[in-house]
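Structural features, examined
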Amino acid sequence: MEKFYITTPIYYVNDKPHIGHSYTTVLADVLARYNRLAGKDVFFLTGTDEHGQKVAQSAEKSGITPKEHCDIYAKRFKDMWDALNLKYDKFIRTTDPEHIGVVQKALQKLFDNGDIYKDNYVGWYCVPDERFWTEKDLINGKCPECERPVTKIEEENYFFRMSKYQDWLIEYIQSNPEFIQPDFRQNEVLGFLRKPLNDLCISRPKQRLSWGVELPFDTEYVTYVWVDALINYISAVGLYFDQEKFNRWWPADIHLIGKDILTTHAVYWPILLKALGIQMPRTIFAHGWWMVDERKMGKSLGNAIDPESLVKTIGEDRLRYYLIRDMVLGQDASYSLSGLVSRLNNDLSNDLGNMLARVTNMVSAYFDCKLPQPAQQLDTETLKLHQVMDKLHKEVWENVESMKLHDALEVLNSAIRAANKYIEETQPWQLAKEGDSDMLATVLFTATQLLAKVGILLFPVIPQKSQELLTALDYQGEMSLSACAKDTLVPPGANITKPPSLFPRLHLNDLRKKLGVIIKPEEQKQERFAEGLITIEQLSKVKLKVGRIISAKKAANADKLLLLEVDLGKERRNLVAGIAQWYNPDELAGKNIVVVTNLEPATIRGHKSQGMLLAADDGNSVSLLTVDKNVEPGSEVK
Ligand code: MSP
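Residues numbered from 1 in each chain as written. Predicted model: local features only at pLDDT ≥ 70, side-chain atom pairs only at ≥ 80, totals over all residues. Heavy atoms only, no water.

1. Regarding the overall build of the protein
Rules: Numbering of helices and strands runs from the N terminus; a helix is a DSSP stretch of H or I covering at least four residues, while a strand is a stretch of E covering at least two. Note that the radius of gyration is over C-alpha atoms, with the globule rule given as 2.2 Å times the number of residues to the power 0.38. Under the scheme applied here, a residue whose accessible area is under 20% of the maximum for its type counts as buried, over 50% as exposed, and between as partly exposed, the area being computed with a 1.4 Å probe on protein chains only. In this analysis, two residues are considered to be in contact whenever any of their non-hydrogen atoms come within 4.5 Å of each other. Note that accessible areas follow from Shrake-Rupley with a 1.4 Å probe, and for residues the cover is restricted to the protein chains shown. Counted as positive: Lys and Arg. Counted as negative: Asp and Glu, with His and the chain ends omitted from the count. Taken as the charge location is NZ of Lys, CZ of Arg, CG of Asp or CD of Glu.
Helix and strand content of the protein: 22 helices and 27 strands. The globule rule puts the C-alpha radius of gyration for 638 residues at 26 Å, and the 33 Å found for the protein is more than 25% above it. Across its three principal directions, the C-alpha atoms of the protein cover 105 × 65 × 50 Å. Counting every position in the protein, which comprises 638 residues, the buried fraction comes to 50%. Put simply, of all contacts in the protein between residues at least 6 apart along the chain, 73% involve residues at least 24 apart. Taken as a whole, the protein presents about 30300 Å² of accessible surface, with 48% of it coming from carbon and sulfur. The positive charge centre, built from 78 side chains, and the negative charge centre, built from 86, are 4 Å apart in the protein.

2. Some points on the sheet that holds strand 6 (residues 131-133)
Applied cut-off: Here the rule is simple: two strands pair whenever DSSP picks up at least two bridges between them.
Reading across the sheet, the four strands line up as 6-5-7-9 and stay open at both edges, with antiparallel pairing between neighbours. Single-partner strands in this sheet number two, and they are strand 6 and strand 9 (200-201). Pairing between strand 5 (residues 116-126) and strand 6: three bridges, direction antiparallel. Paired with Cys126 across the strands is Arg131, a residue of strand 6.

3. A word on the site of the ligand
Stated precisely, the cut-off is as follows: Put simply, a residue is near a molecule or strand once any heavy atom of it comes within 4 Å of that molecule or strand. Nitrogen and oxygen atoms within 3.5 Å of one another constitute a polar contact, given that in protein one can donate a hydrogen and the other can accept it, and given that sequence-neighbouring residues count only through two side-chain atoms. By the convention adopted, Pro, Cys, Tyr, Trp, Phe, Met, Ile, Leu, Val and Ala count as nonpolar, Lys, Arg, Asp and Glu as charged, and the other residues, Gly among them, as polar.
By nearness alone, 25 residues border the ligand, and Ile10, Thr24, Asp49, Trp290 and Met297 come closest of all. Here an oxygen atom of the ligand and a side-chain polar atom of His287 are 3.5 Å apart. When isolated, the ligand has an accessible area of 670 Å², and the protein chains bury 95% of it. Elements supplying a minimum of two residues to the shell around the ligand: strand 2 (11-12), helix 1 (19-37), helix 7 (225-230), helix 8 (232-235) and strand 13 (254-258). Of the residues belonging to the shell around the ligand, the class tally is 13 nonpolar, nine polar and three charged.

4. Some details on helix 4 (residues 97-112)
Rule in force here: Under the convention used throughout, the expected extent of a helix is 1.5 Å for every residue step, that is, one less than its residue count.
Between its first and last C-alpha, helix 4 extends 22 Å over 16 residues, near the 22 Å set by a 1.5 Å rise per residue. Remark: Gly114 follows helix 4 within two positions and exhibits a positive phi of approximately 80°.

5. Remarks on the packing of aromatic side chains
The geometry of an aromatic ring pair comes down to the distance between the two centres and the angle between the two planes. The condition that has to hold: Aromatic pairs are defined between Phe, Tyr and Trp rings, using the six-membered ring for Trp, whenever the two ring centres lie within 6.5 Å; interplanar angles under 30 degrees are classed as stacked, those over 60 as edge-to-face, and all others as tilted. Charges are assigned to positions over rings by a cutoff of 6 Å between ring centre and Lys NZ or Arg CZ, combined with an angular limit of 35 degrees from the ring normal.
Going through the model one piece at a time under the given rule, you end up with 24 aromatic pairs. When the centroid spacing of 4.7 Å and the interplanar angle of 50° are considered together, the rings of Tyr125 and Phe132 count as tilted. Like Phe132, Tyr125 is buried. When the ring centre of Tyr12 is taken as reference, the NZ or CZ atom of Lys54 above it lies at 4.9 Å.

6. Looking at the pattern of salt bridges
The line we're drawing: The rule for a salt bridge is simple: a side-chain nitrogen of Lys or Arg has to be within 4 Å of a carboxyl oxygen of Asp or Glu.
Using the criterion set out here, one finds 34 salt bridges in the structure. Linking Asp260 and Lys296 is a salt bridge whose minimum nitrogen-to-oxygen distance equals 3.5 Å. In this pair, Asp260 sits in the loop between strand 13 and helix 10 (262-276) while Lys296 sits in strand 16 (residues 295-296), placing the two residues 36 residues apart along the sequence. The exposure class assigned to Lys296 is partly exposed, which follows from its relative accessible area of 31%. We note a salt bridge from Asp347 to Arg325, for which the minimum N-O separation is 3.8 Å. Taken as a pair, Asp347 in helix 13 (residues 337-367) and Arg325 in helix 12 (residues 316-325) lie far apart in primary sequence, 22 residues in all. For Asp347, a relative accessible area of 5% puts it in the buried group.

7. Some details on unusual backbone geometry
The linkage connecting Gln181 with the following residue, Pro182, adopts the cis geometry, with an omega of -15°. Mapped onto the elements of the fold, Pro182 is located in the loop between strand 8 (180-181) and helix 6 (183-192). Omega for the bond connecting Trp250 with Pro251 falls within 30 degrees of zero, at 5°, which places this linkage in the cis form. Following the sequence through the fold, Pro251 ends up in the loop between helix 9 (243-249) and strand 13. Despite not being glycine, Asn140 has its phi angle at roughly 50°, a positive value. Here Asn140 lies in the loop between strand 6 and strand 7 (151-160). Given the relative accessible area of 75%, Asn140 is considered exposed. Despite not being glycine, Met403 has its phi angle at roughly 60°, a positive value. Following the sequence through the fold, Met403 ends up in the loop between helix 15 (392-401) and helix 16 (405-426).

8. Focus on helix 1
Compared with an ideal rise of 1.5 Å per residue, which puts 19 residues at 27 Å, helix 1 spans 26 Å between its outermost C-alpha atoms and is within 8% of the ideal. Counting buried residues in helix 1 gives 17 out of 19 residues, a clear majority hidden from the surface. Two residues or fewer past helix 1, Gly39 is found with a positive phi of approximately 90°.

9. Let's talk about the sheet that holds strand 16
Spatially, three strands are ordered 16-15-17 in an open sheet, and the strand pairing comes out mixed. Each edge of the open sheet carries a strand with a single partner, namely strand 16 and strand 17 (333-334). Sheet topology places strand 15 (residues 290-292) next to strand 17; two bridges connect them, and they run parallel. Note on strand 17: the bridge partner recorded for Trp290 is Ala333.

10. Describing a nonpolar patch on the surface
Put simply, the rule is: Only residues whose relative accessible area exceeds 30% and that form no salt bridge enter a patch; like-charged residues are grouped when within 9 Å of one another, and nonpolar side chains (Val, Leu, Ile, Met, Phe, Trp, Tyr) when within 5 Å.
A contiguous nonpolar patch, built from Ile534, Ile536 and Leu539 and spanning about 330 Å² of accessible area, is present on the exposed surface. Structurally, the position occupied by Leu539 is in helix 22 (residues 536-540).

Structure, rendered in structure tokens:
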């Protein structure tokens, strides 16, 4: 069986998981599930990055040991991943003894091969980032990455000969276009590699920092967290202690990372692997960031969105769907609660949920909950829907393989829209009235097949709801991509049940209350605007006056138009109105009507119109707006 090994970054235990972390892990879960659906044997790895100075410091502040601190945070991540229904195969922690053993073996090997040497080091150290910088790197004397103050440090340390492998790496990246994805990230890395690569300082003296993996060849030192962390991808699958397992899974098919950790993954990591004589991973894929108000979501900016309360209020499937649907993989995406509500209401409540409700209601009403047998000969509308349905699984899978998950979801959503349109066009309720049971059966049967297909193909994204949908349709087949290739997924006679609403509509203000979201006044204004509301200032721009009709006549060249002369007090104006169908010119003279007087003049069918009258239209007839007392022409309407 073909294998698929996918990893997420391992998360620092100094933060509780926010939407940014959740995104990477949800994405990995969705890809893992699609690959399982495609029949592959999948290994999905995630975990926590637990060493380093920050962890030691936080633990000290809370009066607990670093390991106790890590246990608390690792559990928070695990709990969040459970709440999001993520099915990983292993959760690695860098404090796992097995992992530590592998890090030490790897370091010893590098040392024995002469790839590690000791040297005196003078540099600037950024404590929060746990990184050294040279004088040249600093920006205004501060850390170029986080802009926080740096400390000058002079000490003996161990270095890894990265520079030795620079040319090899450039050549490798150039000849393996799949290696760094998306393409523009590959160019970014090659750009970085144009400058000479410094050797990497891979040790920290214990007297300064003891919470780390001890160097096997010098017990006075621990190793740099990134060396420890990157090795998780190979220790998790058994390197140096379970060769069979390692051979089964390595090389990883995809390392999913955020764009913030591209250099460590696309430069340090391949060089470490090369020096250890280990094969390269197939692809390193860097996604963009979730932004809030155009800034990266994260702990340091205090704008992190808590996935826990979101999952509690909208359910894990909706959050999963939103994250996958609203980020174009590789680019940044902007998070907003109003964006989330409208996306989910449109795609899941209006389109998918509505379609399921329609189909199950009708099968229940017209066929006593038994899926009917379709006609032998199919009509053109049904054949058209078959065309959409037949290529659905291929299109979805192609998009998944090329990491266009938002497009995969768009393909599925447009299939649902096509099915809703099919129902509107064929009007099964009308077919039922007319007694055309053959066509009625065909429509409901076909729509059910499409829904079942969509249900399977959405399973990786909304596993729980898709199960509910498939249960309502009495789907008994396999959960696999190949099952989608069949024409009939749910056979005639299946017991269709009416499920409770799959995705009840969300209400933004309700949700805000539940989540305790406070919105800024300018946001409120923008929203009202988006909902089509106008301000009082905008309304006051429309000038309305009472006009008395002096005369009315039919327009010579247009049946629907009447030409009116109207008295507006200080002036008379000509209006062209589309009311000839509803009023006889003779009955109009003397009526006091309401006229928009500050509308730009227009020429309609060759007649000048200097304003517009107001009328009510209920779909059956049109009625002029008049005033109910006899006011003077030219009176303002406010
Ligand atoms: N511990 C390192 C990774 C070591 S991997 C060998 C680390 N951890 S982290 O917790 O700070 O972040 C991990 C990942 O979280 C990021 O690379 C990214 O994938 C994800 N995100 C954190 N904030 C994010 C957003 N605002 N948006 C999207 N993803 C982001 O770096």
